[in-house]
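Chain residues, written in single-letter form:
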Amino acid sequence: QVRLEESGGGLMQAGGSLRLSCAASGRTGSGDAMAWFRQAPGKEREFVAAISGGATYYAVFVQGRSTISRDTVKNTMFLQMNSLRPEDTGVYSCALRRGTMISTLAYDFQTWGQGTRVTVSS
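Residues numbered from 1 in each chain as written. Predicted model: local features only at pLDDT ≥ 70, side-chain atom pairs only at ≥ 80, totals over all residues. Heavy atoms only, no water.

Undergrad: When you look at the state of the cysteines in this model, what are you seeing that I'm missing?
TA: Disulfides are covalent bonds that connect the sulfur atoms of two cysteines. Evaluated as defined, the whole model comprises one disulfide. Each sulfur in the disulfide pair Cys22 and Cys94 lies 2.0 Å from the other. Given an S-S torsion of about 65°, the disulfide between Cys22 and Cys94 has right-handed geometry. One end of the pair, Cys22, is in strand 3 (residues 18-25); the other, Cys94, is in strand 9 (residues 90-97), and 72 residues separate them in sequence. Note on accessibility: Cys22 and Cys94 belong to one class, buried. (Disulfide = S-S within 2.5 Å. Helix = DSSP H or I, 4+ residues; strand = E, 2+ residues; numbered from the N terminus. Buried < 20%, exposed > 50% of the residue type's maximum accessible area, 1.4 Å probe, protein only.)

Undergrad: Would you mind going over the sheet that holds strand 3 with me for this structure?
TA: Remark on secondary structure: sheet strands pair via backbone hydrogen bonds, oriented parallel or antiparallel. One open sheet holds the four strands; their spatial order is 1-3-8-7, and the pairing between them is antiparallel. Where the open sheet ends on each side, the last strands, each with one partner, are strand 1 (3-7) and strand 7 (66-71). Put simply, the sheet's adjacent strands are angled 15° from each other on average, direction ignored. Of the strand pairs in this sheet, strand 1 and strand 3 are connected by five bridges, and their pairing is antiparallel. Counterpart to Glu6 in the pairing with strand 3 is Cys22. (Pairing = 2+ DSSP bridges. Axes fitted to C-alpha atoms, helices over the stretch in contact; angles between N-to-C directions.)

Undergrad: What's the story with unusual backbone geometry in this structure? I'm lost.
TA: Phi is positive for Asn75, close to 55°, though the residue is something other than glycine. The topology assignment puts Asn75 in the loop between strand 7 and strand 8 (76-81). Even without a glycine there, the phi angle at Ser83 is positive, about 50°. Here Ser83 shows up in the loop between strand 8 and strand 9.

Undergrad: Explain the packing of aromatic side chains to me, please; I cannot follow it from the model alone.
TA: Counted by the stated rule, this structure contains five aromatic pairs. Ring centres of Phe37 and Phe109 lie 5.5 Å apart, and the angle between their planes is 75°; on these two criteria the pair is classed as edge-to-face. Note that Phe37 is positioned in strand 4 (residues 33-39) and Phe109 in the loop between strand 9 and strand 10 (111-112), a separation of 72 residues in sequence. The same class applies to Phe37 as to Phe109, namely buried. Residues Phe37 and Trp112 carry aromatic rings whose centres are separated by 5.0 Å and whose planes lie at 50° to one another, so their mutual orientation is tilted. Highlighted residues: Phe37 in strand 4 and Trp112 in strand 10, separated in sequence by 75 residues. A relative accessible area of 2% places Phe37 in the buried class. In this structure, Arg19 is placed above the aromatic ring of Phe78, and the distance from its NZ or CZ to the ring centre is 4.0 Å. Here the guanidinium or amino end of Arg45 rests over the ring plane of Trp112, the centre of that ring lying 4.1 Å away. (Phe/Tyr/Trp six-rings, centres within 6.5 Å; stacked < 30°, edge-to-face > 60°. Lys NZ or Arg CZ within 6 Å of the ring centre and 35° of its normal.)

Next comes the structure, spelled out in structure tokens:
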């Protein structure tokens, strides 16, 4: 059974940076696609970024200020976000899907972490 655990959230200042981590345990394949989603208060969950092998994909609102990466040895995925904005506030969850195909759709992912809360103050 695969488990995902996020860390790195907290209270941030607008304009600052954060680095979220998602540690995977259990039987995962290094080629499995992984992604970050977020859910702001009162809003639907939305795609943030995804990675599979050497391919990455970002939502428009984080392009140019975020980097998703993965350490296959440590089985950990990261999300570096810079130039934080108050609208980046939300619960950030990592997700994993079997297979290499990148997806931006939550229902394509079989395994989810509990999420880590990020609050960006202005």
